[in-house]
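Summary of structural features
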Amino acid sequence: MTTPNTGLLIGSGGLRQLHRSLLQHAPDAAITILQEAGYAAGPGVYEALRVWLGAHAGTDRPDELDAAHFGGALSDFFQSAGWGRFSVRPVGGAALAFDSSDWVEAEPGTAQMPMCFFTSGMLADLLGRVSGEQVAVMEVECRSQGDSICRFLSASPATLQEVYEKMTSGMSYAEALGAEPSVR
């Protein structure tokens, strides 16, 4: 009998080396590979979250948590796994922001663009499983590019596609989402 994948099995050193190796040896494919690996990790992360919630929140079903407590529980789960803490808040009327000042995938000040591709894929799968709907995740701020936080936006694929298109034409993600100028 095989043991199910129920954990965050890749450590920060392994993830950072995967980044470095892909960017060095397969730069044109690195983003896609990391996102796809993140999606593939999603089911195991979801199961690990269920186990963790059963021991810490009185339920092993993330969808049973009150929305006001879900962000804190998710943050505690990732922190207990050594990945960092999140704060979760709405941005505009159509997205959630997941912010972290210590996210494990980021390598501060080493990049020109957001680099937490594995996390984006993993969170999209995980949040989709929790919500029962298709979810997209896009990193819009990253400690790897010198920002103070890593900020992941979570919304419907159509919403994030629209945000992406508006950002490529020069608009900020906050403006694209109709958020207040100070979104922190």
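These numbers come from a predicted model, not from an experiment.

Thresholds, definitions, all that
Residues numbered from 1 in each chain as written. Predicted model: local features only at pLDDT ≥ 70, side-chain atom pairs only at ≥ 80, totals over all residues. Heavy atoms only, no water. Helix = DSSP H or I, 4+ residues; strand = E, 2+ residues; numbered from the N terminus. Rg over C-alpha atoms; globule rule 2.2 N^0.38 Å. Buried < 20%, exposed > 50% of the residue type's maximum accessible area, 1.4 Å probe, protein only. Areas by Shrake-Rupley, 256 points an atom, 1.4 Å probe, with all protein chains shown as cover. Lys, Arg positive; Asp, Glu negative; His and termini not counted. Charge placed at Lys NZ, Arg CZ, Asp CG, Glu CD. Pairing = 2+ DSSP bridges. Axes fitted to C-alpha atoms, helices over the stretch in contact; angles between N-to-C directions. Contact = heavy atoms within 4.5 Å. Core = buried A, V, L, I, M, F, W, Y, C linked by side-chain atoms within 4.5 Å.

Scanning the chain from N- to C-terminus turns up six helices and four strands. When the helices and strands of the chain are read in sequence order from the N terminus, they spell out α-α-α-β-β-α-β-β-α-α. Relative to the 2.2 N^0.38 estimate, which gives 16 Å for 184 residues, the radius of gyration of the chain is 16 Å and therefore close to what a compact globule would have. Once the C-alpha set of the chain is aligned to its principal axes, its extents read approximately 50 × 40 × 25 Å. Going through the 184 residues of the chain one by one, you find that 45% of them count as buried. For the chain, the exposed surface amounts to about 9,300 Å²; the carbon and sulfur share of it is 51%. Mean positive and mean negative side-chain charge positions of the chain (11 and 21 charges, respectively) differ by 4 Å.

It is worth spelling out the sheet that holds strand β1 (residues 87-91) at this point. If you trace the four strands from one edge of the open sheet to the other, you get β1-β2-β4-β3, paired in antiparallel fashion. Whereas interior strands pair on both sides, the edge strands pair on one side only; in this sheet they are β1 and β3 (136-141). Between one strand axis and the next, the sheet turns by 30° as a mean value, whatever way the strands run. In this sheet, strand β2 (residues 95-100) lies alongside β1 in antiparallel orientation, the contact comprising five bridges. By the bridge assignment, Ser87 is partnered in β2 with Asp99. The strands touched by helix α4 (residues 117-131) within the sheet are β2, β3 and β4 (150-155), with β3 carrying the most contacts at an inclination of about 140°. Relative to β3, helix α5 (residues 157-168) is tilted by about 30°, and along the sheet it contacts β3 and β4.

A word on the pairing of β4. When you tally the buried positions in β4, you get six out of six residues, the bulk of the element. The alternating pattern of β4 places Cys150, Phe152 and Ser154 on one face and Arg151, Leu153 and Ala155 on the opposite face, and all of these are buried. Pairing of β2 with β4 involves five bridges; the strand directions are antiparallel. When the sheet's bridge partners are listed, Asp99 is paired in β4 with Arg151.

Further remarks concern the nonpolar core. With 33 residues, the main nonpolar core has Leu74, Phe78, Trp103, Leu123, Leu126 and Phe152 as its most contacted residues. The next biggest cluster of nonpolar side chains, apart from the first, holds 15 residues, and it includes Ala95, Met138, Ala155 and Leu177.

Treat this as a map of the structure, not an account of what it does.
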